[in-house]
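Examining the three-dimensional arrangement
If you want the building blocks of each chain, they are given just below.
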Amino acid sequence: MEDRAREAMLEAIRNCSGEEYRSAFGRRPTTHPPRICRELIEYHAAFGMHTTAFGKFGKLIDRLKNNDPNLTDLMINCFVANNFSDVAWKLLGRYIANNYYLKSITFRTHLLNDSTMSSLFEELSSRGSRSLKMMVLTKADFGIEGTKSFAAFLKNSHL
């Protein structure tokens, strides 16, 4: 994504006004309430069609976010997560926490480090997980801070 477009998107997230949304996405101003507007902008910034994550993972993220009952297992590898931002990891945690059907998730990526673990498990820790029964972490590269984030999640989970 171009730096100018990214800056417009970040400004839209901060202000969440219809004009900034139109400037960031090339559409008419939105009529959504500010909280919904902010979530839409975050989603498009992290997983939208102008990001690297879109082509590789966009449809799965949509299914996860929209509570698809046929999505019960999910695997995330380094090819998919290579260009995830902190916002993308945070949203992924939110979508996992809010999903009623996801039973297992596998992370096969060295990209799970202290920073990404904090972003991912911040949402999972605060919301818990409604359906998750199994989580597999392989090739992860996190230390004490990542472990603290994961431990906070385990307190509120059914794993």
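Below or above, wherever it landed, is the structure these notes cover. All figures in this text were calculated on a predicted structure; none of them were measured in a lab.

**Thoughts on the sheet that holds strand β2 (residues 104-108)**
An order of β1-β2-β3 is seen for the three strands of this open sheet, with the pairing classed as parallel. The two strands at the open ends of the sheet, each matched to only one other strand, are β1 (73-77) and β3 (134-138). Strand-to-strand twist across the sheet, computed as the mean angle between neighbouring axes with direction ignored, equals 10°.

**Some words on the nonpolar core**
Membership of the largest hydrophobic core comes to 28 residues, with the highest contact counts inside it found for W89, L92, I96, F107, L120 and M135. For this core, the secondary-structure elements that each account for two or more residues are α4 (52-65), β1, α5 (78-81), α6 (86-98), β2, α7 (114-127) and α8 (144-155). Of the residues forming this core, the biggest block, seven residues, is contributed by α6.

**A look at the pattern of salt bridges**
The full count for this structure, using the stated rule, is three salt bridges. Close ionic contact of E145 with K148 constitutes a salt bridge, the shortest N to O distance being 3.4 Å. With E145 and K148 both in helix α8 and three residues apart, this pair spans about one turn of that helix.

**Quick look at unusual backbone geometry**
The backbone phi angle of N67 is positive, close to 60°, even though this residue is not glycine. Residue placement: N67 occurs in the loop between α4 and β1. Of note, the phi angle at K139 is positive, near 60°, even though the residue is not glycine.

**Re the pairing of β3**
Pairing of β2 with β3, which is carried by five bridges, proceeds in the parallel orientation. Counted as the bridge partner of R108 is T138 from β3. One crossover worth recording links β2 to the parallel β3 by way of α7, and it is right-handed.

**Some remarks on the packing of α7 against α8**
At a closest axis distance of 8 Å, the pairing of α7 and α8 adopts a crossing angle of 15°. Viewed along their axes, α7 and α8 adopt a mutual orientation that is roughly parallel. Viewed along their axes, α7 and α8 form a crossing whose handedness is left-handed. Facing α7, whose interface residues are D114, M117, S118, F121, L124 and S125, α8 presents I144, E145, G146, S149, F150, A152 and F153. Residue composition of the contact of α7 with α8, by class: seven nonpolar, four polar and two charged.

**Brief notes about the environment of R127**
Residue position: R127 is located in helix α7. For the pair R127 and R94, spaced 33 residues apart in the sequence, the C-alpha separation amounts to 7.7 Å. Excluding its chain neighbours within four sequence positions, the residues that come into contact with R127 are R94, A97 and N98.

Criteria and thresholds
Residues numbered from 1 in each chain as written. Predicted model: local features only at pLDDT ≥ 70, side-chain atom pairs only at ≥ 80, totals over all residues. Heavy atoms only, no water. Pairing = 2+ DSSP bridges. Helix = DSSP H or I, 4+ residues; strand = E, 2+ residues; numbered from the N terminus. Axes fitted to C-alpha atoms, helices over the stretch in contact; angles between N-to-C directions. Core = buried A, V, L, I, M, F, W, Y, C linked by side-chain atoms within 4.5 Å. Buried < 20%, exposed > 50% of the residue type's maximum accessible area, 1.4 Å probe, protein only. Salt bridge = Lys/Arg side-chain N within 4 Å of Asp/Glu carboxyl O. Right-handed = clockwise from strand over helix to strand, strands pointing away. Parallel < 35°, antiparallel > 145°, perpendicular 65-115°, else oblique. Left-handed = near helix turned anticlockwise from the far one by under 90°. Contact = heavy atoms within 4.5 Å. Nonpolar A, V, L, I, M, F, W, Y, C, P; charged D, E, K, R; others polar.

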